[in-house]
Amino acid sequence: MSAEPLPTRSAPIQTAHLHSAPDLSAPDLSATDFSAADSSAGGQKPGSGLLRKGARITGETRDKLTSDLRRKYERGQSIRSLAENTGRSYGFVHRILVDGEVPMRSRGGATRTKKK
């Protein structure tokens, strides 16, 4: 059994830039309403406000976001709608509310009754 040589590439393989670090600095959101931009304003999609998906929210920005979400949640908005309006995940919004010690409502939906 003879081993055949492997084919060679004529073009170099493209590699990702492993030495450049992603920009993790938090944007200045000091005067921000964290709801998503209206779709009529510049054609932005819901959830595409200043909070980039996956961006780290820390410090004063996180405190501001927590108080904004707390206020809206206590006025009756659901976690799901808050997540959609801010462009973040349900889990992120839930975690922000729990970390902010916001009293959580019980689950919604119809209650089941026994058949007679």
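Everything below is about the structure printed above this text.
(A) Region of interest: the nonpolar core. Counting residues in each nonpolar core, the largest one holds 12 residues, listed as I57, L65, L69, Y73, I79, L82, A83, F92, V93, I96, L97 and V102. Elements with a contribution of two residues or more to this core: helix 1 (59–74), helix 2 (79–86) and helix 3 (90–99). Counting residues per element, this core draws most heavily on helix 3, at four residues.

(B) Quick peek at the packing of aromatic side chains. For the structure shown, the criterion picks out zero aromatic pairs. The cationic tip of R88 hangs over the ring face of F92; the distance from NZ or CZ to the ring centre is 4.1 Å. Above the plane of the ring of Y73 lies R105, whose end atom (NZ or CZ) is 4.1 Å from the centre.

(C) Representation of the pattern of salt bridges. According to the stated counting rule, one finds four salt bridges in the structure shown. For R62, the salt bridge is made with D99, and the minimal N-O distance between the two is 3.5 Å. A residue pair is termed long-range when its members are at least 10 positions apart, and R62 in helix 1 and D99 in helix 3 qualify at 37 residues. Judged by relative accessible area, R62 falls into the partly exposed class, the value being 22%. What you see here is one network of salt bridges that share partners, running through D68, R71 and K72.

Cut-off values and rules
- All residue numbers here refer to positions counted from 1 along the written sequence of the relevant chain.
- Reporting in this predicted model follows two pLDDT cut-offs: at least 70 for local features of residues, and 80 or more for side-chain atom pairs to be given and counted; totals over whole chains, interfaces and linings ignore these cut-offs and use all residues.
- Values reported for side chains reflect all heavy atoms of the structure, with hydrogen atoms and water molecules removed beforehand.
- In plain words, nonpolar cores are sets of buried Ala, Val, Leu, Ile, Met, Phe, Trp, Tyr and Cys residues tied together by side-chain atoms within 4.5 Å.
- Here's how the labels work: a residue is buried when its accessible area is under 20% of the maximum for its type, exposed when over 50%, partly exposed in between, all with a 1.4 Å probe on protein chains only.
- By the criteria applied, helices consist of DSSP H or I runs no shorter than four residues and strands consist of E runs no shorter than two, each listed in order from the N terminus.
- Stacked, tilted and edge-to-face are the three classes applied to pairs of Phe, Tyr and Trp rings, where Trp contributes its six-membered ring and a pair requires centres within 6.5 Å; stacked means planes under 30 degrees apart, edge-to-face means over 60, and tilted covers the rest.
- In our convention, an over-ring charge means Lys NZ or Arg CZ found within 6 Å of a ring centre and within 35 degrees of that ring's normal.
- By definition, a salt bridge exists where a carboxyl oxygen of Asp or Glu is found within 4 Å of a side-chain nitrogen of Lys or Arg.

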